[in-house]
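# Chain and residue survey
Each chain, letter by letter, is given below.
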Amino acid sequence: MSTVSRALPRAVSSKGQSLELLLIEDDPGDAFLVEEFLADSDLDVRITVARSLAEARRLLTTGASAARCVLADLSLPDGNGLDMLREVLTMAPRAAVLVLTGLRDAHVGVSAVAAGAQDYLVKQEVDAPLLQRAIRYAIERKRADESERELVEARILGRENVRLERGLLPVPLIDDDRLRHHTRYQPGRQRALLGGDFYDTVQTPDGAVHLVIGDVSGHGADEASLGVRLRMAWRTLVLAGQTGEPLLCTLDRVLSVERWSDEIFTTLCMITIDPSREWARMYRAGHPRPLLFTEAGVDALPDDPCGPALGLVPGAEWPATRIELDGSWGLMLYTDGLIEGRVGEGSRRLDTEGLVDLTRQAGVRGESGSRLIDSLVAEVEALNGGVLADDLAILLLSRESA
């Protein structure tokens, strides 16, 4: 092949969707040979010929060419060598690029592959089968390179997201050697660390320990973001001295301002443990009943009247429930993702009673703390027949007797 040029697209009749190929070649004879080599092949190709780098630049930057493959002569009047190749690679980042070199410039082809081209062809050695095979291999190689690049980018992005999300998970503020704090967080979204559920634990200067767990309706990044904002608002308000029903009223207003739709609501359970550790006060806003561990065993707290979920009823009230604590005890707060899994193949749900039964069985096996939580989640998933679809959060605070 020598060096000549042609500028109009030419369709090569074949079956299937055409492969868009941009030939950058200023020798009409060489351009004609490429077209002839491909005309009799089983490749379905639509060729656009650019006679110069400037013309290729116009075609690629204006979108006039949607080439999946670029065949470029590296010796043009207005561009040559690796500098020209780098510009082509920049202008067509998604296309497979093959370069054409002369016999005496074969070393340039090797350098071109090192610079980012998928392959190179020596003009004097090109024939129809070689050209067809080179185009196919170049496209597959580019696809593999793109897949690897996307995988690497996804891994990097995933690691950054994990760092960010870990930074948003709470660190408990507790200063009591007799208290044991265990948590489990499992978002329903695949490959996510945060869901719409949230929890927190804060001990205030008076010695009281405040627990909260909540569940934003819906699933996804927006719900996770709202859950983080509500948790941070709760912690800030508690540290500022606000507790009880006034705190819930404030959170209700925060939710109304922060949510993106009037249909978004949040269930919540909040417990304040007295500095004496002998009793606690609980507020529930449409949330499942916590479990109470005592020396006599474990059971769900009474289903006393509770207020509605936050964001549902303007001017709502949330009555308090007193919890008596004695000796060694434990409180386990959880979101409904833990109890809404199915039991077997039917439509029956685990519910609170089923969770109590599983917890009692775990107690018989001597499980406690993190081991107890992990065992419960494993049992619930086994009954559900697989991983739970909903977000779940568990907060277990226990006290050893003096």
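Residues numbered from 1 in each chain as written. Predicted model: local features only at pLDDT ≥ 70, side-chain atom pairs only at ≥ 80, totals over all residues. Heavy atoms only, no water.

### Brief notes about the layout of surface pockets
When its volume is computed, the largest pocket comes out at roughly 360 Å³. Broken down by secondary-structure element, the contributors of at least two residues to the lining of the largest pocket are β11 (179-186), β16 (291-294), β17 (297-300), β19 (329-334), α8 (351-364), α9 (369-384) and β20 (392-399). Taken together, the residues of the lining of the largest pocket sort by class into 5 nonpolar, 10 polar and 6 charged. (1 Å grid on protein atoms, 1.4 Å probe; cavity = no way out; pocket = protein on both sides within 12 Å on 5 of 7 lines; lining within 4 Å. Points joined across faces, edges and corners; volume = space filled by probe spheres on them. Helix = DSSP H or I, 4+ residues; strand = E, 2+ residues; numbered from the N terminus. Nonpolar A, V, L, I, M, F, W, Y, C, P; charged D, E, K, R; others polar.)

### Here's the deal with unusual backbone geometry
In this structure, R277 takes a positive phi of about 65 degrees despite not being glycine. Position of R277 relative to the elements: it lies in the loop between β14 (266-273) and β15 (279-285). In the Ramachandran plot, D351 falls in the positive-phi region, its phi being about 60 degrees despite a non-glycine side chain. Positionally, D351 belongs in helix α8.

### Here's the deal with empty space enclosed by the protein
Inspection of the entire model under this criterion finds 2 cavities of 30 Å³ or more. The calculated volume of the second largest cavity comes to roughly 50 Å³. Surrounding the second largest cavity, M282, Y283, R284, P302, D304, P305, C306, P319 and T321 form its lining. Per-element accounting of the lining of the second largest cavity gives the leading share, 3 residues, to β15. Looking at the lining of the second largest cavity residue by residue, the classes come out as 6 nonpolar, 1 polar and 2 charged.

### So, the nonpolar core
The biggest cluster of nonpolar side chains holds 24 residues, and the ones touching the most others in it are L21, L23, L38, L71, L121, L131 and I135. Looking at this core, the elements with two or more residues in it are β3 (19-24), α1 (28-39), β5 (45-50), β6 (69-73), β9 (96-101) and α5 (128-168). Ranked by residues supplied to this core, first place goes to α5 with 6 residues. Every residue in contact with L23, bar those within four places of it in the chain, is listed here: A31, V34, I47, T48, V49, A50, L71 and L100. (Core = buried A, V, L, I, M, F, W, Y, C linked by side-chain atoms within 4.5 Å. Buried < 20%, exposed > 50% of the residue type's maximum accessible area, 1.4 Å probe, protein only. Contact = heavy atoms within 4.5 Å.)

### Some details on the packing of aromatic side chains
Scanning the model with the defined rule gives 1 aromatic pair in all. Sitting above the plane of the W279 ring, R322 keeps its charged end 4.3 Å from the centroid. (Phe/Tyr/Trp six-rings, centres within 6.5 Å; stacked < 30°, edge-to-face > 60°. Lys NZ or Arg CZ within 6 Å of the ring centre and 35° of its normal.)

### Re the packing of α8 against α9
Relative to each other, α8 and α9 sit at 130 degrees, their axes nearing to 10 Å. By the angle between their directions, the pair α8 and α9 is classed as oblique. Of the two elements, α8 crosses α9, and the hand of that crossing is right-handed. The residues of α9 that touch α8, namely those facing L355, L358, T359 and A362, are L372, L376, E379, V380 and L383. Its residues assigned to classes, the contact of α8 with α9 shows 7 nonpolar, 1 polar and 1 charged. (Axes fitted to C-alpha atoms, helices over the stretch in contact; angles between N-to-C directions. Parallel < 35°, antiparallel > 145°, perpendicular 65-115°, else oblique. Left-handed = near helix turned anticlockwise from the far one by under 90°.)

### Examining the sheet that holds strand β13 (residues 209-216)
A sheet is described by the order of its strands in space; here 5 strands give the open sequence β12-β13-β14-β15-β18, paired in antiparallel fashion. Each edge of the sheet is formed by a strand with only one pairing partner; in this case those strands are β12 (197-203) and β18 (320-324). Between one strand axis and the next, the sheet turns through 15 degrees on average, direction left out of account. Against the sheet, helix α6 (residues 221-239) makes contact with β12, β13 and β14, and its axis sits at roughly 15 degrees relative to β12, the strand it touches most. Helix α7 (residues 244-258) contacts β14 and β15 of the sheet and is inclined by roughly 150 degrees relative to β14. (Pairing = 2+ DSSP bridges.)

### Looking at α6
Residues separated by three or four positions in an α-helix point in the same direction, a consequence of the helix having 3.6 residues per turn. Compared with the 27 Å implied by 1.5 Å per residue over 19 residues, the 27 Å span of α6 between its first and last C-alpha is a close match. Of all the positions in α6, only E223, A224, L226, G227, V228, L230, R231, A233, W234, R235, L237 and V238 are classed as buried. Looking one or two residues beyond α6, the residue adopting positive phi is G241, at roughly 100 degrees. (Expected span 1.5 Å × (residues − 1).)

### Thoughts on the pairing of β15
On a regular strand, one side chain projects to one face of the sheet and the next to the other, so that they alternate. By the criterion of burial, β15 is predominantly enclosed, with 6 of the 7 residues buried. Note: β14 against β15, 6 bridges, orientation antiparallel. The residue bridging I273 from the neighbouring strand is A280, located in β15. Linkage of β14 to β15, two consecutive antiparallel strands, is achieved through a turn of 5 residues, within which R277 is found at a positive phi near 65 degrees. In this structure, β15 lies alongside β18, joined through 5 bridges in antiparallel fashion. When the sheet's bridge partners are listed, Y283 is paired in β18 with A320.

Keep in mind these values describe shape, not function.
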